[in-house]
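Here are the chains, one letter per residue:
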Amino acid sequence: MTTMEDTEVLFEARGSAGLIMLNRPKALNALNLSMVRAIDARLRAWADAPRIDCVVIRGAGEKAFCAGGDIRQLREWGLAGDKQAEAFYREEYQLNALIKHYPKPYVALVDGIVMGGGVGVSLHGSHRFVGERTLFAMPETGIGFFPDVGATFALPRLPGSLGTYLALTGARLGPADLHWCGVATHSVAGASFDHIIDDLAAGAGIDETGAHHPRAAGEPTLPGLMPAIDRCFGAGSVKDVLARLAREKDASATWATETAAGLRSKSPLSLGIAFRQMQVGGHEDFNECMRIEYRIASRILGRGDFFEGVRALLVDKDNKPRWRHPSAEAVDDAEIDLYFAPLGEAELTFPNA
């Protein structure tokens, strides 16, 4: 057995499994640039290692698998004009693509919070095990950003209009709903994770291993909500979504009112960007979706609502962001177009695995 020294991300070759441990529990295992680079390098090495049959990733501590990228650091870089901000998104998206196309099984063991960048290093692997404490969300519209790390590809492929609902609202899902909609391939008790790793290291089959461990308790709530989600979020624009929510009656009226109020608190520009992502992502392959996301990220660092959203949430903590637009109705299609335009020579590229 070989291990790295104690760092922000740990690697171990145990039997036939390559293990990755995100090791910043006090920061909810948030990703930074050095972690992204370390994971990328190790995955490339293990892709060609004969003794490694699969890769397993998990998070240290009990609170989170990974709560996202280190957005406070990204804001500081962006405000200073430091190119490390663009480098982070470029290399993170390249890592997401490496995971999506990885030549060996890639198993994410997820328990606790999984948001943003944590979704990017788990969702695109071949197998996603979720424990009973899992709390999944893509809450980026609330900080003036957009659902990235491959959400442009993954969310439009969820049932009905669920992807648009998740992208715009940042709604949180638990393990039963994640398994129901296909974000998770297995729902198990988090206490089983150590045993699952031992089984995989010993060469057991992944699906066979999952079947041998207790399933997480709980029933999905999404099936009962999907008719209302499809009615409202199957609209042709953010403005139409809000109008449809206002017309909901009877059993879904309270949900619709609360959902509309939540949307009104988000960045109007980010809502427009996220809605467009859901429209185009279902028709593009994964790498093109990542190119689209890099175009948006490159531009939002210069003129979007991201700096203000992080200020309101994490810096001043006043929770009173001053968005660039007063409402979703004030954002027009021509402005959204600017974020999706090609970057020419600066387009995202993908190194060979």
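First things first, this report covers the structure right here in the doc. Source: prediction; values computed, not measured.

Quick look at the side chain of Ser-267
In step 1: Within the secondary structure layout, Ser-267 lies in the loop between α12 (253-265) and α13 (268-281).
In step 2: For Ser-267, a relative accessible area of 0% gives the class buried.
In step 3: Within the local environment of Ser-267, its side chain forms a polar contact with the backbone nitrogen of Ser-270, the two atoms lying 3.1 Å apart.
In step 4: Looking at Ser-267, its side chain comes within polar contact range of the side chain of Asp-305, at 2.7 Å.
In step 5: When residues no more than four places from it in sequence are discounted, the contact partners of Ser-267 are Thr-141, Gly-144, Asp-305 and Trp-323.

A few points about the packing of aromatic side chains
In step 1: For the coordinates displayed, the defined rule picks out eleven aromatic pairs.
In step 2: Judged by centre distance (4.6 Å) and plane angle (35°), the rings of Phe-145 and Phe-146 are tilted. Of the two residues, Phe-145 and Phe-146, both sit in the buried class.
In step 3: With a centroid separation of 6.0 Å and 45° between ring planes, the pair formed by Tyr-165 and Trp-255 is classed as tilted. Note that Tyr-165 is positioned in helix α6 (residues 162-169) and Trp-255 in helix α12, a separation of 90 residues in sequence. With respect to class, Tyr-165 is no different from Trp-255; both count as buried.
In step 4: Through pairs of rings, three or more aromatic residues link up here, namely Phe-88, Tyr-89, Tyr-93, Phe-145, Phe-146, Phe-306 and Phe-307.
In step 5: A cation over a ring is seen here: Arg-157 above Phe-153, with NZ or CZ 3.7 Å from the ring centre.

Structural notes on the layout of surface pockets
Which parts of space are left empty comes out when a probe the size of a water molecule is rolled across the atoms.
In step 1: Each pocket or cavity is described by its volume, and for the largest pocket that value is around 950 Å³.
In step 2: Listed by contribution, the elements that provide at least two residues to the lining of the largest pocket are α2 (71-79), α3 (84-100), β7 (113-115) and α15 (306-315).
In step 3: It is α15 that contributes the most residues to the lining of the largest pocket, five residues altogether.

Scoring rules and cut-offs
- Here the residue index of a chain counts from 1 through its sequence in written order.
- Per-residue local features are limited, in this predicted model, to residues with pLDDT of at least 70; the limit for side-chain atom pairs, both in listing and counting, is 80 or more; totals at the level of whole chains, interfaces and linings are taken over all residues.
- Excluded from the side-chain calculations are hydrogens and water; all other atoms, namely the structure's heavy atoms, are used.
- Each helix is a run of DSSP H or I of at least 4 residues and each strand a run of E of at least 2, with the numbering of both proceeding from the N terminus.
- Buried, partly exposed and exposed residues are distinguished by accessible area as a fraction of the type maximum, computed with a 1.4 Å probe on protein chains only: under 20%, between the cut-offs, and over 50%, respectively.
- By the criterion applied in these results, polar contacts are pairs of N or O atoms within 3.5 Å in which, for protein atoms, one can donate a hydrogen and the other can accept it, and in which residues neighboring in sequence qualify only through two side-chain atoms.
- By definition in these notes, contact holds between two residues if any of their heavy atoms fall within 4.5 Å.
- Aromatic pairs are defined between Phe, Tyr and Trp rings, using the six-membered ring for Trp, whenever the two ring centres lie within 6.5 Å; interplanar angles under 30 degrees are classed as stacked, those over 60 as edge-to-face, and all others as tilted.
- Note on criteria: charge over ring means Lys NZ or Arg CZ within 6 Å of the ring centre, with the direction from the centre no more than 35 degrees off the ring normal.
- Site definitions follow a grid-based scheme: protein atoms alone, a 1 Å grid, a 1.4 Å probe that fits but cannot get out for cavities, and for pockets an open set with protein on both sides within 12 Å along at least five of seven lines, plus lining residues having an atom within 4 Å of a point.
- Grid points are joined across faces, edges and corners, and a volume is the space filled by probe spheres set on the points.

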